Amino acid sequence: MARTTFYSLLTLSLAASLSGACSSEIDGKPKAQVEDVKKPEAKVEAKAETKTEAPAAAARTLKLDKTGSSIQFVGAKLTGDHKGGFEEFEGEAKIHGDKIESLRVTVQTKSVTSDAADLTGHLKSADFFDVEKFPTAVFSANEFVPKAGDNGATHEIGGELELHGQKKAIRFPAKVTVDAQGAQGQAEFTINRKDFKIEYPGKPDDLIKDEVLLKLDLKFKAG
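Residues numbered from 1 in each chain as written. Predicted model: local features only at pLDDT ≥ 70, side-chain atom pairs only at ≥ 80, totals over all residues. Heavy atoms only, no water.

- Within an unreviewed UniProt entry, the label attached to the chain reads Polyisoprenoid-binding protein YceI, and the organism entered is Nannocystis exedens.

Right, here's the structure in full:
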């Protein structure tokens, strides 16, 4: 009887604990593939062959339209979400014909904002982005593989993300379009903040989740 009572109380305690955890916007979003950057392999140059080539597609360099773009994130504690973003960033994309060849975006980490003034100050500290030590974050990509996915994704993007002094190879799904006016891409995916050595645990009674949702809406146009 005593054993039955103990297990009943344990079950009720676990149920209460789980019910206290709030649902999050992060839940169910695709996870980016993040790994260490590999050293480039030595290339063996092949003997050039003489052949007739088709005319090269028109090349364009587009500038990031800061007024039409946004870089946002969602972090979650056990008790709820906090939303934030960055206000200062710049970048460019190189286009050949109707395809993106590469892009690079640089973010000023001191421009971080959030939905709470005290949290914004904390995010700038050494517990999180440490903006004095790491004033910029940089994302560069040179792989845009056509690949249909959920929520309208058209491509898988591969590149490198340098954040908090850590550079990692990263891959994630995105919706990419290129037309005469320019190029744009939208993506929502999660990363594990600890992969980038952002390891502040939060309060003992309100721990911070490791996953952070990144929400990118980037538009590029002729300068």
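1. Overview of the overall build of the chain
- For the chain, the count of helices and strands is two helices and 14 strands.
- Counting the 223 residues in the chain, one finds 34% classified as buried.
- Of the roughly 14,400 Å² that the chain leaves accessible, carbon and sulfur atoms contribute 53%. (Helix = DSSP H or I, 4+ residues; strand = E, 2+ residues; numbered from the N terminus. Buried < 20%, exposed > 50% of the residue type's maximum accessible area, 1.4 Å probe, protein only. Areas by Shrake-Rupley, 256 points an atom, 1.4 Å probe, with all protein chains shown as cover.)

2. Some details on the pattern of salt bridges
- Evaluated as defined, the whole model comprises 16 salt bridges.
- The closest approach of N and O atoms between Glu 188 and Lys 29, which form a salt bridge, is 3.0 Å. Residue Glu 188 is located in strand E11 (residues 182-192), and its partner Lys 29 is located in the loop between helix H1 (2-19) and strand E1 (33-36); the two are separated by 159 residues in the primary sequence.
- The class of Glu 188 is partly exposed, set by a relative accessible area of 33%.
- Judged by its relative accessible area of 22%, Lys 29 is partly exposed.
- Between Arg 171 and Glu 143 there is a salt bridge; the shortest N-O distance is 3.1 Å. Of this pair, Arg 171 sits in strand E10 (residues 166-179) while Glu 143 sits in strand E8 (residues 136-146), placing them 28 residues apart in sequence.
- Look at Arg 171 and you get partly exposed, because its relative accessible area is 23%. (Salt bridge = Lys/Arg side-chain N within 4 Å of Asp/Glu carboxyl O.)

3. A closer look at the environment of Asn 142
- Locating Asn 142 in the fold gives a position in strand E8.
- For Asn 142, a relative accessible area of 56% gives the class exposed.
- As a C-alpha pair, Asn 142 and Arg 104 span 38 residues in sequence and 9.0 Å in three-dimensional space.

4. Regarding the environment of Gln 72
- Turning to its location among the elements, Gln 72 is positioned in strand E3 (residues 70-77).
- In the structure, Gln 72 is positioned 144 residues away from Leu 216 in sequence and 6.4 Å away in space, judged by C-alpha atoms.
- For Gln 72, the residues in contact, after removing those within four places along its chain, are Gly 84, Gly 85, Leu 213, Leu 214 and Lys 215. (Contact = heavy atoms within 4.5 Å.)

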